[in-house]
Amino acid sequence: MSYYITVLTNVGITLVGVLSVFVVTGLTGLFTLGQASFMAIGAYAAGILAKMLGWGFIPSALAAMLAGGFMGLLIALPTVRLRRDYIALITFGFGQAVTSVINNLSGITGGATGLTSIPKYTTPWHVLISLVIIGAIVWNLKNSRFGRQCVALKSDELAANAMGINVTRIKTIAFVIASMLTAYGGVLYAFHTTYADAKIFTWNRSAEWLIVVFFGGMGSMTGALLAGILLGILPELLRATDNLRIIIYCLVVLITINFRPQGMLGTYEFSIKRLVARLRRPSSAGGKGGNAA
C-alpha cells in the first residue's frame, strides 16, 4: 500500500508542474523548456532554509515561492517580447545555468552529490490539499478576465494588442505565476524525498510537462490533469517490461498526437453543472411524457 501511496504522491507533485506549464503554455502559448529549473529553485531554497536554519514548511514554502517568482520575473522581462521559439531557447539556457550554479555552490547546495538530510514535511495530504488549491487557482485564473486575455493573445497576438490588451504585461504575469507554482512543486518534492539533485530538474522534465499539456489538450485544464495522471501512472504499470515501457510510453503519445493533434480533450472542460443537467434531462423528459399520457 505504501508503494502505491508514494506513486500517487509523486504523480500529484508532477501535476503541480503540469498546471504551471498549462498556465504559461496552455493559456498564453509561450513555449518554455526551463520550467523544471524553477522547481529546482523551490526545492533547494526550501531545503536549505529547513535544513540549515530550521524553518518549518510554511515559511520555507513562502520563501521558495518568492524566490521562484523573482527569478521568473527576471527571465520574463527581457524574453516575453521575443518570438515563441526564442523564448524556448532562452528558458532552456536558463535551466542549464541554474544546474551549473547549483553544482558549483557545493558548500551550500551539496554540489553534484545533491542536498541531503532535508526534513520530511510533505505528506500525501499536503500534496492532495495543495493540488486542490492550485487547481482552483488555475481554474479561476482561466475563467477570469485575465485568462480570457491570455487565450486571446495565444490565438492572435497582433489582434490582441490591437484590441488594447497589454501583451507584454499579460505574458509577464502568467510567467511569474507559473514560476511560483513550479517552485512550490519543488518544495513538495524536496520535503517528500528529503533530497534534491540538480540532475532531476533538467530540461527533460520540462519537456515531459509540455508533452502532458499537448497530450491532454492545449486549451483544457481537465485534459492536462487527466493526461498527467495517465502518463504519470503508465510508466509504473509498465515497469515490469523494463526498457520496453519507454517504447510503449512514446507510442501512446505519438499515436495520440498523430490521430488527434488537438489532444485528448482539445478545449473541453469538465463541468459539474453540465453533468447534473445531462443527468436530469432524461428524467424530466420522461416526466413530461408521463403527464402527457
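Residues numbered from 1 in each chain as written. Predicted model: local features only at pLDDT ≥ 70, side-chain atom pairs only at ≥ 80, totals over all residues. Heavy atoms only, no water.

Asker: What should I look at first to understand the packing of aromatic side chains in this one?
Answerer: Aromatic rings considered in pairs are described by the distance between their centres and by the relative angle of their planes. Enumeration over the complete set of coordinates arrives at 9 aromatic pairs. For the ring pair tyrosine 3 and tyrosine 4, a centre distance of 5.4 Å and an interplane angle of 70 degrees mean the geometry is edge-to-face. For tyrosine 3, a relative accessible area of 40% translates into the label partly exposed. The interplanar angle of 50 degrees and the centroid separation of 5.7 Å between the aromatic rings of phenylalanine 57 and phenylalanine 191 together place this pair among those described as tilted. Separated by 134 residues along the polypeptide, phenylalanine 57 in helix α3 (residues 57-79) and phenylalanine 191 in helix α9 (residues 167-193) bring together distant segments of the chain. Phenylalanine 191 carries the same exposure label as phenylalanine 57, and that label is buried. (Phe/Tyr/Trp six-rings, centres within 6.5 Å; stacked < 30°, edge-to-face > 60°. Buried < 20%, exposed > 50% of the residue type's maximum accessible area, 1.4 Å probe, protein only. Helix = DSSP H or I, 4+ residues; strand = E, 2+ residues; numbered from the N terminus.)

Asker: How should the confidence of the model for the chain be read in this particular structure?
Answerer: Low pLDDT marks stretches whose predicted atomic positions should not be read closely. Summarising the model, the chain shows a mean pLDDT of 85, and 91% of its residues fall at 70 or more. Element-level mean pLDDT values for the chain span from 61 in helix α13 (residues 272-292) up to 94 in helix α2 (residues 35-52). Contacts of residues 289-293 to residues separated by more than four positions or lying in other chains number 0 contacts, the stretch itself having pLDDT below 50. (pLDDT = per-residue confidence, 0-100. Contact = heavy atoms within 4.5 Å.)

Asker: Quick question: what am I supposed to make of unusual backbone geometry here?
Answerer: Working note: non-glycine residues mostly have negative phi, and peptide bonds are mostly trans. With a phi angle near 60 degrees, serine 117 is a residue other than glycine that sits in the positive phi range. Structurally, serine 117 is set in the loop between α5 (106-109) and α6 (124-142). Under the relative-accessibility criterion, serine 117 is labelled exposed at 56%. The phi dihedral of threonine 194 falls on the positive side, at around 60 degrees, and the residue is not glycine. Relative to the helices and strands, threonine 194 is located in the loop between α9 and α10 (203-216). Given a relative accessible area of 26%, threonine 194 falls into the partly exposed group.

Asker: Before we go on, may I ask you to explain the pattern of salt bridges in this structure?
Answerer: When the charged atoms of two side chains lie near each other, side chains of opposite charge can form a pair. Per the stated rule, a full pass over the model turns up 2 salt bridges. The closest approach of N and O atoms between glutamate 157 and lysine 171, which form a salt bridge, is 2.9 Å. Here the residue glutamate 157 occupies a position in helix α8 (residues 157-162), and lysine 171 occupies one in helix α9, the gap between them amounting to 14 residues. Glutamate 157 sits in the partly exposed class, given a relative accessible area of 31%. Taking relative accessible area as the criterion, lysine 171 reaches 1% and is therefore assigned buried. Linking aspartate 197 and lysine 199 is a salt bridge whose minimum nitrogen-to-oxygen distance equals 3.0 Å. When its relative accessible area of 7% is taken as the criterion, aspartate 197 is described as buried. (Salt bridge = Lys/Arg side-chain N within 4 Å of Asp/Glu carboxyl O.)

Asker: I keep staring at the environment of proline 59 and nothing clicks. Help me out?
Answerer: As for its placement among the helices and strands, proline 59 is situated in helix α3. Along the sequence, proline 59 and leucine 49 sit 10 residues apart, while their C-alpha atoms lie 8.9 Å from each other.

Asker: Please explain helix α4 (residues 84-104) as it appears in this structure.
Answerer: The α-helix advances 3.6 residues per turn, and as a result positions three or four apart in sequence lie on the same side. With 21 residues, α4 extends 31 Å from end C-alpha to end C-alpha; this agrees with the ideal 30 Å at 1.5 Å per step. Buried residues of α4: Ile87, Ala88, Thr91, Phe94, Gly95, Val98, Thr99 and Ile102, and no others. All buried residues of α4 project into a common sector of 135 degrees when viewed along the axis, lining one side. More than 90 degrees from the buried face of α4, the exposed residues found are Leu89 and Asn104. Against α2, α3, α5 and α9 lie the buried residues of α4. (Expected span 1.5 Å × (residues − 1). Arc of directions from axis to C-beta.)

Asker: Looking at this structure, I do not really get the packing of helix α1 (residues 2-27) against α6. What am I missing?
Answerer: For any two helices packed against each other, the geometry comes down to the angle between their axes and how far apart the axes lie. It is at 10 Å that the axes of α1 and α6 come closest, and there the two elements cross at 20 degrees. In terms of their interaxial angle, α1 and α6 are classed as roughly parallel. The way α1 lies across α6 gives a crossing that is left-handed. On α6, the residues touching Ile5, Thr9, Gly12, Ile13, Leu15, Val16, Leu19, Phe22, Val23 and Leu27 of α1 are Pro124, Val127, Leu131, Ile134, Gly135, Val138, Leu141 and Lys142. Here the contact of α1 with α6 is built from residues that sort into 14 nonpolar, 3 polar and 1 charged. (Axes fitted to C-alpha atoms, helices over the stretch in contact; angles between N-to-C directions. Parallel < 35°, antiparallel > 145°, perpendicular 65-115°, else oblique. Left-handed = near helix turned anticlockwise from the far one by under 90°. Nonpolar A, V, L, I, M, F, W, Y, C, P; charged D, E, K, R; others polar.)

Asker: Just checking my understanding: could you explain the side chain of threonine 91 for this structure?
Answerer: Its place among the elements puts threonine 91 in helix α4. A distance of 3.0 Å separates the side chain of threonine 91 from the backbone nitrogen of leucine 33, its partner in a polar contact. Setting aside its immediate chain neighbours within four residues, threonine 91 contacts Phe31, Thr32, Leu33, Gly34, Ile75 and Phe175. (Polar contact = N/O pair within 3.5 Å; in protein donor to acceptor, adjacent residues only side chain to side chain.)

Asker: Could you clarify how one ought to interpret the side chain of threonine 79 in this entry?
Answerer: With respect to the helices, strands and loops of the structure, threonine 79 is situated in helix α3. In this structure the side chain of threonine 79 is engaged in a polar contact, spanning 2.6 Å, whose partner is the backbone oxygen of isoleucine 75.

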